[in-house]
Amino acid sequence: MSTSLSCQIQLTIMGYDWGPSLRLIDLIFDERLKFDNIQIDQMDALIKKQLQITPVIIEKLESYPGTLRLTLQVHPTNSHLSPLIYDPKTKLHRFTSQFEAIISLNQPIETSIGTVDCLKVDEHQSQTYPNLSEIETGYYRFNHSHQLAYAIYDPKPIRPIPLIIWLHGAGEGGNDPNVVLLGNPSFRLKESPIQAAFGSAFVLYPQSPTFWMDDGYGKYTLKGSSFYAKALFGLIDNIVQKTPWIDRDRILIGGNSNGGFMTIRMLLDHPGYFAGAFPICEVFMDRWLQETDRNSLKKESIWFNVSHDDNVVDPRLFTLATYESLAKDPEADIHLTLYEKVIDPSGLFQDAHKNPYRYGGHASWIPVLAGLSTARINNQEVSLFSWLASKKRTN
């Protein structure tokens, strides 16, 4: 006799190079229920995001007592699988509350209680984000007009460890720092192998309410200033002062695009404070730098990263011009990784022509966070994160 079956749904959203994507759908039934040789073509899956409903491809179907697990096919172009949406008014990404799976049966399935031809799915669907495990979030108020959200990864070690500060790009501002961790794969800073390069490291993810290059009027700065510069350093200092296991001589700072701009801003505002810096596709115009600024930056340890085909900012006006002017000094600890293009580092994804998937050239943070940034230093091939791990403030 045919029957219907009630279940709950849990969505597992994973972080990828291009952002978050729904990877697993778990249908949770009574724990005693068992399934008999169920096949992928017996099930149908759709994703409803906002008002748009899109079919998805089930890559794998597994059954366990009381649970059916659907693994979905993900790809950099499958934006319908991302719970992030772009708000054109704020020009920021945020997680939508209107994101759910629609699951149905194409054919009856055999279970330990008989044949089932209909699923009754609970309206509430839970979500889990494995890449956000061990993350704590909070808010820091600098003054009446400045409050920054932030996330931290704190391994709570028994010995002093370095602090890594990650500054996000333009689209990840707001008041939800989980957007910072998943909008781009900065969550990898808290995972191996990056953590292994340091032995262990504390990671701070500040979030600007708008964007780091905000001049205070909601416009992009025209001279290299930032409305959030003092508040950001206030947050950094607050975290350092209340965390005794952060090594004050091993504070490292980096970020992508807008965050690369703010990395340079912090180095200029607080010379000698940071042990090392890694700006990526930074957007601090070289012409904004005065001679005193250049002399100050030459005393810092900086590793620039950019792709030759950056399609958002011209590297010749930003990264390359600044790197070349600083690296002229043979005593300067200034380095560069220049990519020709940004190719999927995992080797798992292809374009429509079966070639390795190519991201836009501005996304040079992808190979950096995949651990692929290297340079020749003193006739040896050195990785960015091993170089950062070796940095210690000496003044």
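Conventions we followed
- Residues numbered from 1 in each chain as written.
- Predicted model: local features only at pLDDT ≥ 70, side-chain atom pairs only at ≥ 80, totals over all residues.
- Heavy atoms only, no water.
- Helix = DSSP H or I, 4+ residues; strand = E, 2+ residues; numbered from the N terminus.
- Contact = heavy atoms within 4.5 Å.
- Expected span 1.5 Å × (residues − 1).
- Buried < 20%, exposed > 50% of the residue type's maximum accessible area, 1.4 Å probe, protein only.
- Pairing = 2+ DSSP bridges.
- Axes fitted to C-alpha atoms, helices over the stretch in contact; angles between N-to-C directions.
- Phe/Tyr/Trp six-rings, centres within 6.5 Å; stacked < 30°, edge-to-face > 60°.
- Salt bridge = Lys/Arg side-chain N within 4 Å of Asp/Glu carboxyl O.

1. Section: the environment of Ile-280
Here's step 1: Examined against the element boundaries, Ile-280 turns out to sit in strand E17 (residues 276-280).
Here's step 2: C-alpha of Ile-280 to C-alpha of Phe-261: the two residues are 19 residues apart in sequence and 8.8 Å apart in space.
Here's step 3: The contacts of Ile-280, once residues within four sequence positions are left out, are Trp-166, Gly-255, Asn-256, Ser-257, Gly-260, Asn-305, Ser-364, Trp-365 and Val-368.

2. Regarding helix H4 (residues 258-269)
Here's step 1: Look at H4: 16 Å from first C-alpha to last across twelve residues, which is about the 16 Å you get at 1.5 Å a residue.
Here's step 2: Within H4, eleven of the twelve residues are buried, which leaves it mostly tucked inside the rest of the structure.
Here's step 3: Residues Asn-258, Gly-259, Gly-260, Phe-261, Met-262, Thr-263, Ile-264, Arg-265, Met-266, Leu-267 and Leu-268 constitute the buried set of H4.
Here's step 4: Where the residues of H4 are buried, they touch strand E14 (161-167), helix H3 (229-242), strand E16 (246-256), E17, helix H5 (291-297) and strand E18 (301-307).

3. Section: the sheet that holds strand E15 (residues 202-207)
Here's step 1: With mixed pairing, the eight strands of this open sheet are ordered in space as E12-E13-E15-E14-E16-E17-E18-E19. Across the chains shown, the open sheet's two edge strands, defined by having one partner strand only, are strand E12 (135-143) and strand E19 (333-339). Within the sheet, the average angular offset between the axes of one strand and its neighbour, ignoring direction, is 20 degrees.
Here's step 2: Here H3 sits on the sheet and contacts E12, strand E13 (146-153), E14, E15 and E16; the angle it forms with E13, its principal contact strand, is near 45 degrees.

4. Some words on the packing of aromatic side chains
By convention here, two paired aromatic rings are described through the distance between centres and the angle between planes.
Here's step 1: Taken as a whole and assessed by the stated rule, the structure comprises 18 aromatic pairs.
Here's step 2: Considering the side-chain rings of Phe-198 and Phe-385, the 6.4 Å spacing of their centres and the 70 degrees angle between planes classify their relative orientation as edge-to-face. Of this pair, Phe-198 sits in helix H2 (residues 194-198) while Phe-385 is found in helix H8 (residues 384-390), placing the two residues 187 residues apart along the sequence.
Here's step 3: Under the relative-accessibility criterion, Phe-198 is labelled buried at 6%.
Here's step 4: Note on Phe-211 and Tyr-220: the rings are 4.5 Å apart at their centroids and 20 degrees apart in plane angle, and the pair reads as stacked.
Here's step 5: Look at Phe-211 and you get buried, because its relative accessible area is 11%.
Here's step 6: Judged by its relative accessible area of 42%, Tyr-220 falls in the partly exposed class.
Here's step 7: An aromatic cluster is present here, built from Trp-166, Phe-198, Phe-278 and Phe-385 joined pairwise through their rings.

5. A closer look at the side chain of Ser-21
Here's step 1: On the secondary structure map, Ser-21 appears in strand E2 (residues 19-28).
Here's step 2: According to the relative accessible area criterion, Ser-21 is buried, its value standing at 0%.
Here's step 3: Apart from the residues within four sequence positions on either side, Ser-21 is in contact with Thr-12, Ile-13, Met-14, Tyr-16, Val-74 and Leu-81.

6. Comments concerning H3
Here's step 1: Its 14 residues give H3 an end-to-end C-alpha distance of 20 Å, which sits within 8% of 20 Å, the value for a rise of 1.5 Å per residue.
Here's step 2: Those residues of H3 that are buried are in contact with E12, E13, E14, E15, E16 and H4.

7. Observations regarding unusual backbone geometry
Here's step 1: Each neighbour pair has its own omega, and for Ser-192 with Pro-193 the value is 10 degrees, a cis peptide bond.
Here's step 2: Within the secondary structure layout, Pro-193 lies in the loop between helix H1 (178-183) and H2.
Here's step 3: Even without being glycine, Asn-37 reaches a positive phi, approximately 55 degrees.
Here's step 4: Asn-37 gets classed as exposed once you look at its relative accessible area, which sits at 59%.
Here's step 5: Here Lys-354, not a glycine, exhibits a phi torsion of approximately 70 degrees, which is positive.
Here's step 6: Its relative accessible area of 62% is what places Lys-354 among the exposed residues.

8. Quick notes on the pattern of salt bridges
Here's step 1: All chains considered together, the criterion is met by 15 salt bridges.
Here's step 2: Lys-190 is the partner of Glu-191 in a salt bridge, and the nearest nitrogen-oxygen pair spans 3.9 Å.
Here's step 3: Relative accessible area serves as the criterion here: at 25%, Glu-191 is assigned to the partly exposed category.
Here's step 4: According to the relative accessible area criterion, Lys-190 is buried, its value standing at 7%.
Here's step 5: The residue Arg-393 makes a salt bridge to Asp-249 at a minimum N-O spacing of 3.3 Å. Within this pair, whereas Arg-393 is found in the segment after H8, its partner Asp-249 is found in strand E16, the two being separated by 144 residues in sequence.
Here's step 6: Taken together, the shared-partner salt bridges connect Glu-136, Asp-154 and Lys-156 into one network.

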